[in-house]
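Secondary and tertiary structure notes
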Amino acid sequence: MAPPPKPLHASFLCSLALALLRAGRLSAASHVAAALPAASPPAALLRRLIPALASSGLAAAAVRFRPVPGDPLTINSILRSHCALRSLGPALALLRSSGSVDTVSYNVVISGLAEHGHHGVLAPALLAEMCKRGVPFDTVTVNAALVGLCRNGQVEGAAALAEMMVRGGGIERLDVVGWNALIDGYCKAGDMAAALGTAERMRRQGVGVDVVGYNSLIAGLCRAGEVNAARDMLDTMKADGVEPNVVTYTTFIAECCKRKAIDDAFSLYEEMVRMGVLPDVVTLSALVDGLCRVGRFSEAYALFREMEKIGAAPNHVTYCMLIDSLAKAQRGTESLGLLGEVVSRGVVMDLVMYTALMDWLGKEGKIDEVKDMLRCALADNHTPNGITYTVLIDALCKAGNVDGAEQALLEMEDKSISPNVVTFSSIINGLVKQGLLGKATDYMRKMKERGIDPNVVTYGPVIDGFFKCQGQEAALDVYHEMLCDGVEANKFVVDSLVNGLRKNGKIEEAEAFFRDMNERGMLLDHVNYTTLIDGLFKTGNMAAAFKVGQELTERNLLPDAVVYNVFVNCLCMLGKSKEAESFLKEMQNTGLKPDQVTYNTMIAAQCREGKTAKALKLLNGMKRSSIKPNLITYNTLIAALFESGAVEKAKYCLNEMSSSGFSPTSLTHRRVLEACSQSGRPALILEIHEWMMGAGLCADITVYNTLVRVLCYHGMTRKAAAVLEEMSGRGIAPDTITFNALILGHFKSSHVDNAFATYYQMLHHEVSPNVATFNTILGGLESAGRIGEANKVLNEMKKSGIEPSNLTYDILVTGYAKQNNKVEAMRLYCEMVGKGFLPKVSTYNALISDFAKVGMMSQAKELLNEMEKRGVLPTSCTYDILVSGWSKLRNGNEVRKFLKDMKEKGFSPSKGTINSICRAFSKPGMNWEARRLLKKLYQGAYCCSVLSFRSSQHPVKRYRKLPAEIIPESPLTASLHALCAAAASVVGVVLVISLNLLLQDDPSNE
């Protein structure tokens, strides 16, 4: 171990350190001081060295040494250094253990405590300690204590202490510094009346308010929003002969910038310069912030660059302000550029700067970069606070990583950082987006248990989520809970409720709610009006929609492009293209520029109506307006042109799309192939597919599945099988959808064996069949009349672990019913309903038909009753089956009953049903029943004339003499021939002829 330095050596080092300090070489001085043992230097040198180190800002070096006994200067220097390092514990320990402290010593420590906010409450205790030790106070002591209490928010306590010190004789009177401390304390507490009262008392006691006091009052009035009163205070200040300084002007400038009154801010800046008051970094930073707030980023950046030339170089606050503003304006790339500059210039990065960048990166969806930024903050010894964690949680939720967000919340709580309403709202919003509404409501309950009240931002996404996932009632329950908690709805909640109600078919309630919010004085915006207009249009209430649009303009909310787009879209959906075109012209006349959405809507409407020429004209108009068509534009047009058979024009559009930089997508491919399919030109399918592949279409499984499906739809199964081989050649493995399409194609082409061969090929490729595969096979067997082979398929399903679905049972029941296998059909039906499946109406129709064929109409009627009980509404076909069945049994009462039901439900009997009625009731002996039935059937639309003929009169000839325009075009016309033919062979039969009411009213036609 090296021997300790000799006194001579220590003296030399002390002298060297002092010389280096005088020369301003602080780093070298610190290094030399660090080489000195704390106890070895001579006292005389230490008396000079310790104060020199402390006054030079080398606090860490100063606190290494022990104070010289009996020397208050060294003690005070070390105390000041401890306070500078925020080592308040060691400072208090040294103060209390040293016997040679004075008033200055206590003043240093009390000031240090005051500088660190919540420690200021210790000031009265130290004053009491001074009394006990016999250390006298001075005004500095009292002022430091007052500042500490006021900074801790204990302004009343500070005022009471000042009163006590003056009355008790501790000090003669409060000086300007003490009064300023009280004024500033009241201003920061928001008690401007007390602050102004204190200033008045100060004047009465003969102490004039100085520039510091006036600045505190002006800042307090500005914070309270009383800008005019602050300006009056400025006038009073000038009248008292107190000249405004840079702080005075900066306070006003900052307030103007916060209110976005940037022109007023620059007027004050010019006045300030004219008065000879030079701006500082705070003034210019406030102006940079103001320019950013109004979106004038170029000017803000130019001023930022000028700051250094003016002599007020940007500090970390300026950088942080600009980086934060750019990030919030989604100009994060520029923010990152400034961040690089911060690092290169050695500007200290604070937590606010890191948090701002994390926020921007999170909104951009760059979650890995957010985590990297947090790691950098931790590496710079910044402790994340509640805002930092909230930004991280929000970013994780936006990225869909709700589990990660919950982990961050737990970590936050482990570090004793309390989450706030914003933190919980972010997590709740993330859970709602994932559809986890149960967990979202659990978090709301936890919030309330912790005493954190959910706000409208918390409730809004939950209401919207319940509308989308759990229905109207649940959403309205949450809304009422929100109102019970005293939370008022905002525009987002209004939009969610109006949108949710109208989607649930409650447009009247939606409109009533909208009106109620309007009457309550809520300033609804374009989005709210647009949602209601869209809902009214979609329910066909055009008059009400236009009325709301008129109301929008009356409220000085001039329609924007989105509002016009809604009108155009809804009119197009209603098939009113001309009205939509007039809105497009009106939009242009008002100076609004139609956008891609406007033109795409109009083009789609013309394409739906088959008016491709008009659609192409709109495309040209779109280009003339310098609006570039997008992929949606081209997809819509190309599909419509192929569908209409305009192949060359479609190909031209495809080439134009490719030259515009758009590669065909799987959506383009699907729409175009389906259009070729509908145009009746299936030969084009493969040609267009090849062209798209050459134009850059990415050949994936989706593209090939579309091709296989379209080919199979047209029975081109051989070509579809060839596509399967092409897929294998490209290394694209066919999936379940591919094989399902091919199996369906074989069944449609009646190639049942090929369909089964494809199924076994599917198993050979180790592609697992799904329930759709088996349903396709069963459907094919049912269509081919081979439902008896269904058991084999059901066994395959069971082997694959796939349970029959609703559709499976529908196919089986229908198939067995068509084969007249009532026992198996009913067994499967019972099994189906026993599993909770609801049969389709076609399934019930097949069962009812099966019973009707064999005259089991009572059972058929029972099935109808059960069908209605289960909420399955009978169709016209159901009634046709029942009427025909009862007609075969010649049961006029039942036929009349079902005909009446048909009429009430707006159904008309089919031609086959009328034929059944005619065959059954135009027999000898059924004349009266025939007349009654047909009167019932055509009452109100037709009259029934009963004409009796004898054998000498030929009814067919008489019928043929009727003018053609008298006989209505209906299914009945054809059956009249059957009636007449039946009547011609029987003497005295009643011929029932249905004619228009015109015949009834015109006696000449009798």
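Just above sits the structure.
Since this is a predicted model, take the numbers as computed values, not measurements.

What follows is about a positive patch on the surface. Side chains of Lys578, Lys585, Lys614, Lys617 and Arg624 sit close together on the surface and give a patch of like positive charge. Contributions of two or more residues to the positive patch are made by helix H34 (577-589) and helix H36 (612-624). In this structure, Lys617 sits in helix H36. Lys617 gets classed as exposed once you look at its relative accessible area, which sits at 62%.

Turning next to the state of the cysteines. According to the stated counting rule, one finds zero disulfides in the structure shown. In this model Cys607 remains outside any disulfide bridge; the closest cysteine sulfur is found in Cys653, 9.3 Å from its own. Classification of Cys653 by relative accessible area gives buried; the value is 2%.

Now for the side chain of Thr250. Structurally, Thr250 can be placed in helix H15 (residues 246-258). Apart from the residues within four sequence positions on either side, Thr250 is in contact with Asp280, Val282 and Thr283.

Our focus in this paragraph is the packing of aromatic side chains. Under the criterion given, the structure shown has 12 aromatic pairs. Taking the centre distance of 6.4 Å and the plane angle of 80° together, the rings of Phe266 and Tyr269 count as edge-to-face. Here the residue Phe266 and the residue Tyr269 both occupy positions in helix H16 (residues 262-274), the gap between them amounting to three residues, near one helical turn. Ring centres of Phe747 and Phe756 lie 6.3 Å apart, and the angle between their planes is 75°; on these two criteria the pair is classed as edge-to-face. Both residues of the pair, Phe747 and Phe756, count as buried. Among the aromatic residues, those joined into a cluster by ring pairs are Tyr759, Tyr760 and Phe774. The residue whose ring lies beneath Lys446 is Tyr443, and the NZ or CZ to ring-centre distance is 4.7 Å. A cation over an aromatic ring shows up here: Lys897 above the ring of Phe898, its NZ or CZ 4.5 Å from the ring centre.

Rolled over the atoms, a probe sized like a water molecule indicates the empty space that remains. In total, this model carries three cavities of 30 Å³ or more according to the counting rule given. Taken as a whole, the second largest cavity holds about 50 Å³ of empty space. What lines the second largest cavity is simply Phe756, Tyr759, Tyr760, Phe774, Ile777, Lys792, Val793 and Glu796. For the lining of the second largest cavity, the secondary structure elements donating two or more residues are helix H44 (752-764), helix H45 (771-783) and helix H46 (790-799). Taken together, the residues of the lining of the second largest cavity break down into six nonpolar, no polar and two charged.

So, about the pattern of salt bridges. Opposite charge on two side chains permits pairing when their charged atoms draw close. As enumerated under the stated definition, the model contains 31 salt bridges in all. When the shortest N-O distance is used, the salt bridge between Arg259 and Glu255 registers 3.9 Å. A salt bridge links Glu831 to Arg827; the nearest nitrogen and oxygen atoms lie 3.1 Å apart. In this pair, Glu831 and Arg827 both sit in helix H48 (residues 822-834), four residues apart, roughly one turn of the helix. Taken together, the shared-partner salt bridges connect Glu824, Arg827, Glu831 and Lys835 into one network.

Considering the arrangement of structural elements, one finds Lys651 in helix H38 (residues 647-659). By relative accessible area, Lys651 is classed as partly exposed at 24%. For the pair Lys651 and Ile638, spaced 13 residues apart in the sequence, the C-alpha separation amounts to 7.7 Å. In this view, Lys651 contacts Glu687 and Ile688; residues no more than four positions away in its chain are not counted.

Size it by volume and the largest pocket reaches roughly 510 Å³. Lining the largest pocket are 24 residues, and of these Asp359, Thr390, Val391, Asp394 and Val422 sit closest to its centre. In terms of residue class, the lining of the largest pocket is made up of 10 nonpolar, nine polar and five charged.

Moving on: the environment of Ala91. Positionally, Ala91 belongs in helix H6 (residues 88-97). Given a relative accessible area of 0%, Ala91 falls into the buried group. Distance from Ala91 to Gly112, taken between C-alpha atoms, is 9.2 Å for residues 21 residues apart in sequence. Contacts of Ala91, omitting those with residues within four sequence positions, involve Leu79, His82 and Cys83.

The next thing to look at is helix H40 (residues 684-694). Here H40 has its buried residues at Leu684, Ile685, Ile688, His689, Met692 and Met693. Mapping the buried residues of H40 onto a view down its axis gives an arc of 165°, with all of them on the same face. On the buried face of H40, the contacting elements are helix H37 (631-643), H38, helix H39 (666-678), helix H41 (701-713) and helix H42 (717-729).

Take H34 next. Its 13 residues place the ends of H34 18 Å apart at the C-alpha level, agreeing with the 18 Å of an ideal helix rising 1.5 Å per residue. Within H34, the full set of buried residues consists of Ser577, Ala580, Phe583, Leu584 and Met587. An end-on view of H34 places all buried positions within 110° of arc, on one side of the element. Seen from the buried face of H34, the exposed residues on the opposite side, beyond 90 degrees, are Lys578, Lys585 and Asn589. Positive phi shows up at Gly591, right after H34, with a value of about 90°.

Definitions and cut-offs
- Residues numbered from 1 in each chain as written.
- Predicted model: local features only at pLDDT ≥ 70, side-chain atom pairs only at ≥ 80, totals over all residues.
- Heavy atoms only, no water.
- Patch = residues over 30% accessible without salt bridge, like charges linked within 9 Å, V, L, I, M, F, W, Y side chains within 5 Å.
- Areas by Shrake-Rupley, 256 points an atom, 1.4 Å probe, with all protein chains shown as cover.
- Salt bridge = Lys/Arg side-chain N within 4 Å of Asp/Glu carboxyl O.
- Lys, Arg positive; Asp, Glu negative; His and termini not counted.
- Charge placed at Lys NZ, Arg CZ, Asp CG, Glu CD.
- Helix = DSSP H or I, 4+ residues; strand = E, 2+ residues; numbered from the N terminus.
- Buried < 20%, exposed > 50% of the residue type's maximum accessible area, 1.4 Å probe, protein only.
- Disulfide = S-S within 2.5 Å.
- Contact = heavy atoms within 4.5 Å.
- Phe/Tyr/Trp six-rings, centres within 6.5 Å; stacked < 30°, edge-to-face > 60°.
- Lys NZ or Arg CZ within 6 Å of the ring centre and 35° of its normal.
- 1 Å grid on protein atoms, 1.4 Å probe; cavity = no way out; pocket = protein on both sides within 12 Å on 5 of 7 lines; lining within 4 Å.
- Points joined across faces, edges and corners; volume = space filled by probe spheres on them.
- Nonpolar A, V, L, I, M, F, W, Y, C, P; charged D, E, K, R; others polar.
- Arc of directions from axis to C-beta.
- Expected span 1.5 Å × (residues − 1).

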